[in-house]
Amino acid sequence: MMVSDIFNQNVKFLITGGAGFIGSNLADYLLKSGSEVKVLDDLSNGRIENINYLKSKYDFEFIEGDIRDINICRKAVNGVDFVLHQAAWGSVPRSVRMPLVYDEVNVHGTLNMLEAAKENNIKKFVYASSSSVYGDEATLPKVEGKEGNPLSPYAITKKVNELYAKNYFELYGLETVGLRYFNVFGRRQDPHSTYAAVIPIFIRELLKDHAPVINGDGTQTRDFTYIDNVIEANLLACIAGEEASGEAFNIAYGKYITLNDLYHVICELLGKNIEPTYGKPRVGDISHSLADISKAKKLLNYDPEIDVFEGLSQTMEWYVDNLSSK
Ligand code: NAD
């Protein structure tokens, strides 16, 4: 089965966290492709502008609600074929300060979603995990099956999600597929949040002619993953064979870049010549991140096309348009 075949079958998707960065990009893509879509989001971090933007172009159901409420999850899952579960609290540093909320939303909320999906015979439950599950495992590239101890409450919640998802497949036959995203970037990634990711922060500050702060010495590496590769991975996970069920996969590009090099690429794209300042390393952060994507290549046919340079040049226009006036 090809990804395009899915759109000829009149299927309906539920996207949790669909007002957020990744979820709204998934919704946009699926709606554009003619699929039926429902979005569930409590707008705790997502933006109503993302929903209004989609509403102005397409007809779809938006449920404003919290995945901590099992009845909301049941209502959202009812009548859908595929669940793309993205809703969660992100940010490692915030999880260090607020572990209880992370447990309630990311663990209990995901368990509610799994339970609701099980009751409704969902075809596939695809959910967002994270590269943070590798924790203190130093081996590079990161490969599935070789995880260390999680370094933050956020990482623990993602690890527990994977355990429950595997268990729901083994016990109840719910076909779950976990996607361990590695530093996703692209249009609609919130640049204004206190917990914004590094790429939007660099661009936001440089557009104001401010020197951004790099936490640590900038030699830390990341495998930045462009949003379109993540969309592709979610759709491939929906059509994957049963051998992918209960499993979790690295979703990345498969190459790394240091934060210093990333910074200079962004400066070049923006035509800026500003030296960054350096701050303390962040608690709970990992030093290096690079994914082995062969498992996803083999079982999902995942073959990412857009690298960090191409992704940045495609995205820069969006950031400039959305940040210049703020
Ligand atoms: P985001 O914050 O933009 O989106 C998450 C969405 O979930 C938000 O719209 C938020 O309002 C919603 N949400 C939060 N709590 C909720 C609740 N209790 N009920 C209903 N909705 C709720 O984040 P994102 O970057 O789009 O991340 C999507 C998923 O991918 C998350 O699970 C995140 O942990 C995971 N992830 C993201 C990255 C990345 O680089 N962006 C990396 C690894 C994993």
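Residues numbered from 1 in each chain as written. Predicted model: local features only at pLDDT ≥ 70, side-chain atom pairs only at ≥ 80, totals over all residues. Heavy atoms only, no water.

This part takes up the packing of aromatic side chains. This structure, assessed with the given rule, holds ten aromatic pairs. Taking 6.5 Å as the distance between ring centres and 85° as the angle between the ring planes, the aromatic pair formed by Y102 and Y154 counts as edge-to-face. Separated by 52 residues along the polypeptide, Y102 in helix α5 (residues 99-119) and Y154 in helix α6 (residues 153-172) bring together distant segments of the chain. Of the two residues examined, Y102 and Y154, each falls in the buried class. (Phe/Tyr/Trp six-rings, centres within 6.5 Å; stacked < 30°, edge-to-face > 60°. Helix = DSSP H or I, 4+ residues; strand = E, 2+ residues; numbered from the N terminus. Buried < 20%, exposed > 50% of the residue type's maximum accessible area, 1.4 Å probe, protein only.)

Right, let's get into the sheet that holds strand β6 (residues 176-181). Ordered in space as β3-β2-β1-β4-β5-β6-β11, the seven strands form an open sheet in which the pairing is parallel. Two strands close off the open sheet at either side, each with one partner strand: β3 (61-64) and β11 (247-251). Here the average twist between neighbouring strands, direction ignored, is 20°. Contacts between helix α1 (residues 21-32) and the sheet are confined to β1 (12-16), β2 (36-41), β4 (82-85) and β6, with β1 contributing the most and set at about 165° to the helix. (Pairing = 2+ DSSP bridges. Axes fitted to C-alpha atoms, helices over the stretch in contact; angles between N-to-C directions. Contact = heavy atoms within 4.5 Å.)

Moving on: the site of the ligand. With respect to spatial proximity, 27 residues lie near the ligand, and among them D41, N45, G46, D66 and Y154 are the closest. One of the side-chain N or O atoms of K158 is found 2.9 Å from an oxygen atom in the ligand. Between an oxygen atom of the ligand and a main-chain N or O atom of V184, the distance comes to 2.8 Å. Of all the secondary structure elements, the ones that give two or more residues to the shell around the ligand are α1, β5 (124-130) and α6. (Near = heavy atom within 4 Å. Polar contact = N/O pair within 3.5 Å; in protein donor to acceptor, adjacent residues only side chain to side chain.)

Let us now look at the packing of helix α3 (residues 70-77) against α5. Between α3 and α5, whose axes approach to 9 Å, the crossing angle comes to 45°. In this view, α3 runs oblique relative to α5, as classed from their interaxial angle. As for the relative orientation of α3 and α5, their crossing is right-handed in sense. Taken together, the residues of α5 that come into contact with α3 (itself represented by I70, C73, R74 and V77) are N112, M113, E115, A116, A117 and E119. The residue inventory of the contact of α3 with α5, partitioned by class, reads six nonpolar, one polar and three charged. (Parallel < 35°, antiparallel > 145°, perpendicular 65-115°, else oblique. Left-handed = near helix turned anticlockwise from the far one by under 90°. Nonpolar A, V, L, I, M, F, W, Y, C, P; charged D, E, K, R; others polar.)

Turning our attention to the packing of helix α7 (residues 198-207) against helix α9 (residues 259-270). Interaxial distance between α7 and α9 falls to 10 Å at its minimum, and their mutual angle equals 45°. Classified by the angle their axes make, α7 and α9 are oblique. Crossing of α7 against α9: the hand is right-handed. Counting all contacts with α7, which are made through V198, I199, F202, I203, L206 and L207, the residues of α9 involved are L259, L262, Y263, I266, C267 and L270. Of the residues that constitute the contact of α7 with α9, the class distribution is twelve nonpolar, no polar and no charged.

What follows is about the nonpolar core. If you look at the biggest cluster of nonpolar residues, it comprises 73 residues, and the most contacted ones within it are F13, L179, I251, L262, I266, L300 and L312. Here this core takes nine residues from helix α8 (residues 227-239), the largest share from any one element. Ignoring anything within four residues of it in the chain, the contact list for I266 reads I199, F202, I203, L206, L312 and M316. Membership of the second largest hydrophobic core comes to 28 residues, among which are L40, L111, M113 and L174. (Core = buried A, V, L, I, M, F, W, Y, C linked by side-chain atoms within 4.5 Å.)

Moving on, we come to the side chain of S129. Mapped onto the elements, S129 comes out in strand β5. Residue classification places S129 among the buried positions, given a relative accessible area of 3%. Separated by 2.7 Å, the side chains of S129 and E162 make a polar contact. With sequence-adjacent residues up to four places away left out, S129 is seen in contact with K158, E162, L179, R180 and Y181.

Treat this as a map of the structure, not an account of what it does.
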